[in-house]
Each structure stands twice: as C-alpha cells, then as structure tokens.
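So the chains spell out like this:
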Amino acid sequence: MGTAYEGTTVAQTYEASRVFDVSVILDERIRQNPDAVGGLMLTNADGLRVPLRELADVFEDTGRTIILHDGTRRRQAVTCDVRGRDLASFVEEARRRVQSKVVFPAGTYAVFGGASQAREQAQREILVHSLVAAAGIILLLAIVFRSMRNLLLVLANLPFALVGGVLAVFSTGGLLTIGGMVGFVTLFGITMRNSMMMISHYEHLVAQEGMTWGLDAALRGASERLVPILMTAIVTALGLLPLAIGSGEPGREIEGPMAVVILGGLVTSTALNLLVLPTLALKYGRFETALED
C-alpha cells in the first residue's frame, strides 16, 4: 500500500546531464475509490490471487497522515513555547496537571522532553563539575596557605559575591538560567582570585618584609592591592557590560544572564573584599614571620 499511495522509485532516466527518477504509483481514480482499492488483486507465494477486500476492510476515514515511531513505539509529539515564566516551573506544573487530570489508555504514557530535559541535564552536569572543581581548588589552597584560618578568609569572599549575583538575578526577573549558573561559577573564580591576592599579600608583608601583623599591616596590604583588584573588576565589567545591556536580545540567552550575574557579583564582592575582608583578616587572620636558618 505504500507503493500504491506514496509511490516507489523503480528506475532512472537521463537527459543530458540531468537525472530523473521513474516512480510507479496507483492511478489517482482508484486511490480515491475504496471499492476499487478493495478489488486490487494480491498474489501470495503459491501464486494464489485474492482481492484485497477478502483480507482487510477497506473504507474511507479521517486520521493521521504520518505516525511517528521511537524505538518501535508510536509517538505523538505535543509542543509549546513558554513565555512570561521560567521553564522549570512550567514543566513541573504541566507534569503535575497531566498526572492528575489526564487518563491514558493502557501502554500510553507522557514524557516531557525537549528544552526542559536538556536544561535539567545541563544543570546537573554544571553542578557536578563545579563541585569536583571546588573540592580540588580547596585542597590546593589548603596546601598553599597551610592555615585553616587564612583558607577560610579566602573562602569568606564567596558569600559577598553570591549576594550581588542573587540580587542581579532577582532584578532581571528572578529566573536562574543555564547562563546564570555559568555566571556564578565564573564569578566565584574571579572573587577567589581577588581574595587570594589580598591574603597572600598579607603573608608576604609579614613573612618577607618583617612587618608585625596589626592595623598598619592590614591597611598597607589593602591599599597596595586596591589598584590590582579594581582593575580586574573594571576590565571585566567593561567587557561584559554590552552583553548585559542586550541580555534580552535573541541569540544572547546564555551570555546575557551570565554577564548580569557576574556584574552584580563583582560590585558587592569588590567593595566588600576591600572593606570587610581586611577587617576579618585583622581579627581572625594568623600571619607569621618566616623562620631564618
């Protein structure tokens, strides 16, 4: 029946350099007449000829023109676009309503896929990779600083960045996208670098230059690291500002939210890194003079 209604290529003909397929298909008058279709003769392996109506009921009806299959199972796709709300909450509500209000026949079930499934998988991958990277970074920092207090001072700057990033997310609608998650990872890396610069310089002032740890050393270290930290934040902000301004434009679904999160976190982390971190280091930090042989 596929040949009768859709046609089958049986040969090719050539005209100069062009090639044309030769197809066979059932006559249109017969295709539109169920009785004529039922009279089509079929031949089995033994040469016995019987009309199609003897083997099947042939009648005219409405139905699908194409039946999709996935792994030998029939599949019906229902698509939609989500606007005005985040994709995760929409999928969760749709899944809850379908389970509570839709009764499927035996062997039929609903699967939510597409962008929502890809988003969930990407979020899991980012979370797992970030945790593994964070564990490795903390281990390396513990080896370098050799002081739990100083290590905690370096990590104390992360909440400063988190505050700015969260405020930036809420200011743009409160939707945490894949780009926003990538922005948080990048933001934490920049913040860690700035706090490491501050704490390592304090260690240098005490261990290499022989300063006694106190208010003077804390102020000197903060003032000498003011320009490098500000330059890092300013250069990063200038590079990301165009992306943040055009975050709602098509094609910037990843870069736009990422830039917004980084900019928001840079504002708070830079300010608090220069103001609060020296105070915390002065109260809780332990910096010792290098021992001479």
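Here is what the cut-offs are and how they apply
Residues numbered from 1 in each chain as written. Predicted model: local features only at pLDDT ≥ 70, side-chain atom pairs only at ≥ 80, totals over all residues. Heavy atoms only, no water. Helix = DSSP H or I, 4+ residues; strand = E, 2+ residues; numbered from the N terminus. Rg over C-alpha atoms; globule rule 2.2 N^0.38 Å. Buried < 20%, exposed > 50% of the residue type's maximum accessible area, 1.4 Å probe, protein only. Salt bridge = Lys/Arg side-chain N within 4 Å of Asp/Glu carboxyl O. Expected span 1.5 Å × (residues − 1). Contact = heavy atoms within 4.5 Å. Axes fitted to C-alpha atoms, helices over the stretch in contact; angles between N-to-C directions. Parallel < 35°, antiparallel > 145°, perpendicular 65-115°, else oblique. Left-handed = near helix turned anticlockwise from the far one by under 90°. Nonpolar A, V, L, I, M, F, W, Y, C, P; charged D, E, K, R; others polar. Pairing = 2+ DSSP bridges. Phe/Tyr/Trp six-rings, centres within 6.5 Å; stacked < 30°, edge-to-face > 60°. Polar contact = N/O pair within 3.5 Å; in protein donor to acceptor, adjacent residues only side chain to side chain. pLDDT = per-residue confidence, 0-100.

A. Summary view of the overall build of the protein chain. Of regular secondary structure, the protein chain possesses 11 helices and 6 strands. For the protein chain, whose C-alpha radius of gyration is 34 Å, the value lies well above the compact-globule estimate of 19 Å for 293 residues. With the principal axes as the frame, the protein chain shows a C-alpha extent of 105 × 60 × 40 Å. When each of the 293 residues of the protein chain is scored for burial, the buried share is 26%.

B. Geometry of the pattern of salt bridges. Here the structure, examined in full by the defined rule, presents 6 salt bridges. Measuring nitrogen to oxygen at the nearest pair gives 3.4 Å for the salt bridge that ties Arg18 to Glu15. Residue Arg18 is classed as partly exposed on the basis of its relative accessible area, which comes to 48%. Note that Asp27 and Arg29 form a salt bridge whose closest N and O atoms lie 3.2 Å from each other. On the accessibility criterion, Arg29 (68% relative accessible area) is exposed.

C. Geometry of helix H5 (residues 115–145). End to end, H5 covers 44 Å across 31 residues, agreeing with the expected 45 Å (1.5 Å per residue, within 8%). In this structure, the buried residues of H5 make contact with helix H4 (87–101), helix H6 (148–155) and helix H8 (178–207). After H5 finishes, the residue Arg146 shows a positive phi value of roughly 55°.

D. Representation of the packing of H8 against helix H10 (residues 226–245) within the structure. At a minimum axis distance of 10 Å, the contact between H8 and H10 shows a crossing angle of 165°. On the basis of the axis angle, H8 is roughly antiparallel to H10. For H8 against H10, the interelement crossing comes out right-handed. Across the interface between the two elements, Ile190, Arg193, Asn194, Met197 and Met198 from H8 touch Pro228, Ile229, Thr232 and Thr236 from H10. Counted by class, the contact of H8 with H10 contains 5 nonpolar, 3 polar and 1 charged residues.

E. Region of the structure containing the pairing of strand S1 (residues 8–15). In the sheet, S1 pairs with strand S2 (residues 18–24) via 7 bridges, with the strands oriented antiparallel. Among the inter-strand pairings, Thr8 is bridged to a residue of S2, identified as Val24. Connecting S1 to the next strand, S2, in antiparallel fashion are 2 residues, including Ala16 with a positive phi near 60°.

F. Molecular detail of the packing of aromatic side chains. Inspection of the entire model under this criterion finds 2 aromatic pairs. Judged by centre distance (6.1 Å) and plane angle (45°), the rings of Phe184 and Phe188 are tilted. Residue Phe184 and its partner Phe188 are located together in helix H8, separated by 4 residues, close to a single helical turn. Under the relative-accessibility criterion, Phe184 is labelled buried at 12%.

G. Structural context of the environment of Glu288. Relative to the assigned elements, Glu288 resides in the segment after helix H11 (255–284). Between the C-alpha atoms of Glu288 and Leu205, which are 83 residues apart in sequence, the distance is 9.8 Å. Aside from chain neighbours lying at most four places away, what touches Glu288 is Val206 and Ala207.

H. Quick peek at the environment of Thr43. Residue placement: Thr43 occurs in strand S3 (residues 41–43). Taking C-alpha positions, Thr43 is 27 Å from Gln12, a pair spaced 31 residues apart along the chain. Sequence-distant contacts of Thr43, defined by excluding residues within four places in its chain, comprise Leu48 and Arg49. Within the structure, the side chain of Thr43 is placed 3.4 Å from the side chain of Arg49, a separation counted as a polar contact.

I. Quick look at the confidence of the model for the protein chain. In this model, the protein chain carries an average pLDDT of 83, and 96% of its residues clear a pLDDT of 70 or more. The least confident element of the protein chain, judged by mean pLDDT, is helix H1 (residues 2–6) at 77; the most confident is S2 at 90.

J. Here's a closer look at the packing of helix H9 (residues 215–224) against H11. Packing of H9 against H11 brings their axes to within 10 Å, and their N-to-C directions diverge by 150°. Relative to H11, the element H9 is oriented roughly antiparallel. Where H9 crosses over H11, the handedness of that crossing is right-handed. Between H9 and H11, the residues in contact are Leu215, Ala218 and Ala222 and Leu274, Pro278 and Leu282, respectively. Looking at the contact of H9 with H11 residue by residue, the class counts come to 6 nonpolar, no polar and no charged.

K. Highlighting the environment of Asn273. By the secondary structure assignment, Asn273 is in helix H11. With 228 residues separating them in the primary sequence, Asn273 and Ala45 have C-alpha atoms 86 Å apart. One polar contact links Asn273 to Asn157, side chain to side chain, over a distance of 3.3 Å.

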